[in-house]
Amino acid sequence: MALLQLQGISKAFGAQQLFSDIRLSLEAGDHVGLIGPNGSGKSTLLKIACGLEEADTGTVTLQKGAKTGFIPQNDSFIEDETCLFNLEQAAKSLDLNEAERYTRVNTLLSRAEVIDGTQMVSLLSGGLRKRLSICRALLASPDLLVLDEPTNHLDIAGILWLEKLLNANLPESPAAYILVSHDRRFLENTTNKIVELSRVYPQGSLQVQGPYSAFLEKKEEYLLQNQQLEERLANKMRRETEWLRRGPKARATKAKYRIDAAGALQDTLQDVQDRNRASSGTVGLSFDGTNRKTKKLLQATKIGKTYDKKRLFTGLDVLLTPGQRLGLVGNNGCGKSTLMQILATAADEHPAMNPDQGEIATADNIRIVFFDQSRKQLDTSKTLRRALAPDGDSVLYQNRTIHVAGWAKRFLFRPDQLETPVERLSGGEQARILLARLMLQPADILLLDEPTNDLDIASLDVLEESLSEFPGALVLVTHDRFLLDRLCTNLLGFDGKGTVAYFADCDQWLASLDGPCPKSEKSEKEKKLAAPAKTEQKAKAGKLSYLEQREYDQMEERILAAEAELEEVKTTMTEPKVMSNAALLEKTWQRQEDLSAQVEALYHRWHELEEKKALL
């Protein structure tokens, strides 16, 4: 018998139908990822599965004696008590003796790794609260664990911790779990079955056995088949329409049958067309650049910042140029958002935040646009209409006037939502409002602090594509490893102790977390093994500027990274799915040409720096 069985589940809120006739079976060993567009009913379906909400139709069958554990998006604790106390209170509801409760509570507290049991819950960060919430759910050793957006508030270290926990075979590990997440790398690493809720599918969902990458392949096949089906039905409908125009006599049995069949064909075609249109319902993102020709947009030299007696970073150099995509990575509280705030107002006459030391220079009349993860820029008391178009009933985008209803539609808002207060909109909808406002501001530099929060996967894909085409410089803070690897040209890693270093990609940065960062390791080695040589090198390099010397030190690593990416793209060019797709082939070829030019430019610059050093 299945651990959990959903049969014919339907749910609507008023006139809005979330889903209908959903069928899902979970066996022991199933690790299910539930995905779908914002508003498709994912969280509602999880609550129905846990018995926390009633379905309009259908049945939910849980295996006799099986226990479920539910981890909601927003946790609830006794705020003025310690972490240990909250876990002990949860354990009291379990059928365990005192010794078993003690063992289980302290075991799970240790599983959280970075939580101090004596700390008050009210003082915990969002990431630590999430860890505590997960451990509390595991106290009961549930057979089925249900997780709603478990990576929310977790930094990359926290996400890696959760991946390890879910993949482990521990005494408290569930027999199966189902989770909602928009983190594509997390889905790939933790699931063996993907279920997508969407109106695109006739049954309301697509279920694919395998990880997220397998799902993407199957979905692509399905969408292609559906497009081909629409073309065949449309051709057939044209022939039937032409026949009907000739005026067949309905009295004849054969003619009447064909007329009825034509009507049924029209209904089928309309249904397929509606589903194909639904598949293209994604946010219309496109960030505007200023087309500035300046090569050096912003240069920060040896800047540092200390906050609340904690050194966040020191001696940091940042150079932003058009086309650069810099990712900031590190645990929560390490200084990423602080650096973003410093950069955001660097060109202002009176910056809102200055570094404690160092200098920042910007190009004249630079335009810096900042996306703040706290969403302080959003007045939630206003209506959606006013939030999208503060000055009237239209917006000016790329020198075109667009009515607010059309602008709202571009971001997947319905006309009837325009008078809805922003505070009543979901987190994903509020994120889309901020992105819509960003698009109205041509920028030289885009600073995006956690722009992916609450966005569905389809919107993430579009965001990724639009940012890759942005002509200016981009600085990005995100915990989405998939986005970092696909988008960023390099990463700036914060260790939380005041040290920062540049990395080629996310894997290189994650590898550094197991030991000292590359620069620190090199410095220590030079101190111990080659102190005289280091002194000599420092004296020789005196006529290279600090930035030139830093560039020279990093050049070999940058060339190797670019060459590796170039080889990867060359391999991709030979794949059948690329060779058979003209648009994809052209895009891949262009990427190959860009990388070839990049490698050539890097070698040329390296040669220039070598010659300059040789003259000293």
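Residues numbered from 1 in each chain as written. Predicted model: local features only at pLDDT ≥ 70, side-chain atom pairs only at ≥ 80, totals over all residues. Heavy atoms only, no water.

**What to know about the overall build of the chain**
As a reminder of what qualifies: Secondary structure is summarised from DSSP: a helix means a run of H or I of at least four residues, a strand means a run of E of at least two, and numbering begins at the N terminus for each. To sort residues, take the accessible area from a 1.4 Å probe on protein chains only and compare it with the maximum for the residue type: under 20% means buried, over 50% means exposed, and anything in between is partly exposed. The criterion used for residue contact is that any of the two residues' heavy atoms lie within 4.5 Å. Surface accessibility in these figures is a Shrake-Rupley result with a 1.4 Å probe; residues are shielded only by whichever protein chains are displayed.
Counting its secondary structure elements, the chain contains 20 helices and 20 strands. For the chain, the residues scored as buried account for 44% of the 616 residues in total. For the chain, long-range pairs separated by at least 24 residues make up 69% of all intrachain contacts whose partners lie at least 6 apart in sequence. In the structure as shown, the chain presents an accessible area of about 31,700 Å², 49% of it carried by carbon and sulfur atoms.

**Details of the sheet that holds strand β2 (residues 16-26)**
For the record, the criterion: Paired strands, in this sense, are two strands between which DSSP finds at least two bridges. Fitted lines through C-alpha atoms give the axes, limited to the stretch in contact for helices. The angle between two N-to-C directions lies from 0 to 180 degrees.
With antiparallel pairing, three strands are arranged side by side in an open sheet as β2-β1-β4. This sheet does not close on itself; its edge strands, each paired only once, are β2 and β4 (57-62). Direction aside, neighbouring strands of the sheet carry axes that sit 20° apart on average. Where strand β1 (residues 4-13) lies against β2, seven bridges are found, and the strand directions are antiparallel. Looking at β2, one finds that Leu6 is bridged to Leu24. Each of β1, β2 and β4 is contacted by helix α1 (residues 42-49), which is oriented at about 130° to β1, the strand it contacts most.

**Side note on the packing of aromatic side chains**
Keep this limit in mind: Between the rings of Phe, Tyr and Trp (Trp by its six-membered ring), a pair exists once the centres lie within 6.5 Å; its type follows the angle of the planes, with under 30 degrees stacked, over 60 edge-to-face, and the other angles tilted. Lysine NZ or arginine CZ positioned within 6 Å of the ring centre and within 35 degrees of the ring normal marks a charge as sitting over the ring.
All told, the structure shown has five aromatic pairs when counted by the stated rule. Relative to Trp407, the ring of Tyr397 lies with its centre 5.2 Å away and its plane at 50°, an arrangement referred to as tilted. Of the two residues, Tyr397 sits in strand β15 (residues 394-397) while Trp407 sits in helix α11 (residues 404-410), which places them ten residues apart along the sequence. Three or more aromatic residues joined by ring pairs make a cluster, and in this case those are Tyr397, Trp407 and Phe411. Above the ring of Phe413, the side-chain terminus of Arg432 is found at 4.9 Å from the ring centroid.

**Regarding the environment of Thr588**
Relative to the assigned elements, Thr588 resides in helix α20 (residues 582-614). Look at Thr588 and you get buried, because its relative accessible area is 11%. Separated by 19 residues in sequence, Thr588 and Val569 have C-alpha atoms that sit 7.0 Å apart.

**So, the nonpolar core**
Put simply, the rule reads: Take the buried Ala, Val, Leu, Ile, Met, Phe, Trp, Tyr and Cys residues and link them wherever side-chain atoms come within 4.5 Å; each set so joined is a nonpolar core.
Of all hydrophobic cores here, the largest spans 48 residues; its most connected members are Phe287, Leu388, Trp407, Ile433 and Leu446. Among the elements that make up this core, the one with the highest residue count is helix α12 (residues 427-439) (seven residues). With near-sequence residues (within four places) excluded, Trp407 lies in contact with Leu388, Val395, Tyr397, Ile402, Ala436, Met439 and Leu440. By size, the runner-up hydrophobic cluster in this structure holds 43 residues, among which are Leu108, Ile134, Leu162 and Leu206.

**Overview of the pattern of salt bridges**
Note the cut-off: The salt bridge definition used is simple: a Lys or Arg side-chain nitrogen within 4 Å of an Asp or Glu carboxyl oxygen.
The tally for this structure, following the rule as stated, stands at 19 salt bridges. Notably, a salt bridge pairs Glu163 with Arg481, separated by 2.5 Å at the nearest N-O pair. Placement of Glu163 in helix α5 (residues 156-167) and of Arg481 in helix α14 (residues 481-487) is noted, with a sequence separation of 318 residues between them. A relative accessible area of 7% means that Glu163 is categorised as buried.

**Some thoughts on the pairing of strand β18 (residues 473-477)**
Judged by how many residues are buried, β18 sits mostly within the fold: five of five residues are covered. Here β18 shows no split at all, with Ala473, Val475 and Val477 on one side and Leu474 and Leu476 on the other all buried. Looking at chain direction, strand β12 (residues 325-329) and β18 are connected through four bridges and run parallel. When the sheet's bridge partners are listed, Leu326 is paired in β18 with Val475. Pairing between strand β17 (residues 445-449) and β18: five bridges, direction parallel.

**Digging into unusual backbone geometry**
Even without glycine at this site, Asp308 takes up a positive phi of about 50°. Mapping Asp308 onto the fold places it in the loop between β10 (298-307) and β11 (310-320). With a relative accessible area of 70%, Asp308 lands in the exposed category. Notably, Asn365 is not glycine yet its phi reads approximately 55°, a positive angle. By the secondary structure assignment, Asn365 is in the loop between β13 (357-362) and β14 (368-371). Since its relative accessible area comes to 72%, Asn365 is described here as exposed.

**A short note on the environment of Ala344**
Turning to its location among the elements, Ala344 is positioned in helix α9 (residues 336-344). Between the C-alpha atoms of Ala344 and Leu447, which are 103 residues apart in sequence, the distance is 7.1 Å.

**Some thoughts on the confidence of the model for the chain**
To be explicit about the condition: Each residue carries a pLDDT score, the predictor's confidence in it, ranging from 0 to 100.
Looking at the chain, pLDDT values average 83 and 87% of them are 70 or higher. Ignoring residues within four places in sequence, the model shows residues 516-542, a span with pLDDT below 50, making 19 contacts including any to other chains.

**Some thoughts on the packing of helix α4 (residues 126-138) against α5**
Selection criterion: An angle counts as roughly parallel when it lies under 35 degrees, as roughly antiparallel when it exceeds 145, as roughly perpendicular when it falls between 65 and 115, and as oblique in every other case. Rotating anticlockwise by less than a right angle from the far helix to the near helix defines a left-handed crossing, while the corresponding clockwise rotation defines a right-handed one. In this classification, the charged set is Asp, Glu, Lys and Arg, the nonpolar set is Ala, Val, Leu, Ile, Met, Phe, Trp, Tyr, Cys and Pro, and all remaining amino acids, among them Gly, are polar.
In the contact formed by α4 and α5, the axes pass within 11 Å of each other and the chain directions differ by 15°. Between α4 and α5, the crossing angle belongs to the class labelled roughly parallel. Between α4 and α5 lies a crossing whose hand is left-handed. The segment α4 lies against α5, with Arg131, Ile134, Cys135 and Leu138 engaging Ala157, Gly158, Trp161, Leu162 and Leu165. Classifying every residue of the contact of α4 with α5 by side-chain character gives seven nonpolar, one polar and one charged.

**Some points on the side chain of Asp449**
For clarity, the threshold we go by: Positive charges come from Lys and Arg, negative ones from Asp and Glu, while His and the chain ends are left out of the count. Two N or O atoms form a polar contact when they lie within 3.5 Å of each other; inside protein one atom must be a possible hydrogen donor and the other a possible acceptor, and for residues adjacent in sequence the pair counts only when both atoms belong to side chains.
Inspection of the secondary structure assignment puts Asp449 in strand β17. For the buried residue Asp449, which engages in no salt bridge, the nearest side chain bearing the opposite charge is Lys336, 7.1 Å off. Separated by 2.8 Å, the side chains of Asp449 and Ser337 make a polar contact.

**Observations regarding helix α3 (residues 98-111)**
The periodicity of an α-helix, 3.6 residues per turn, causes residues three or four positions apart to be oriented the same way. The line we're drawing: Any helix carries an expected span of 1.5 Å times its number of residues minus one. As used here, the arc belongs to the directions running from the helix axis to the C-beta atoms.
Under the 1.5 Å per step criterion, the end-to-end length of α3 is 20 Å for 14 residues, consistent within 8% with the ideal 20 Å. Within α3 the residues assigned to the buried category are Val105, Leu108 and Leu109. Within α3, the buried residues cover an arc of 105° as seen down the axis, which keeps them to one side. Those residues of α3 that are buried lie in contact with α2 (83-91) and α4. A side-chain oxygen of the first residue of α3 lies 3.1 Å from the backbone nitrogen of Ala99; this N-cap is Asn97. Following α3 by one or two positions, Glu113 has its phi on the positive side, about 70°.

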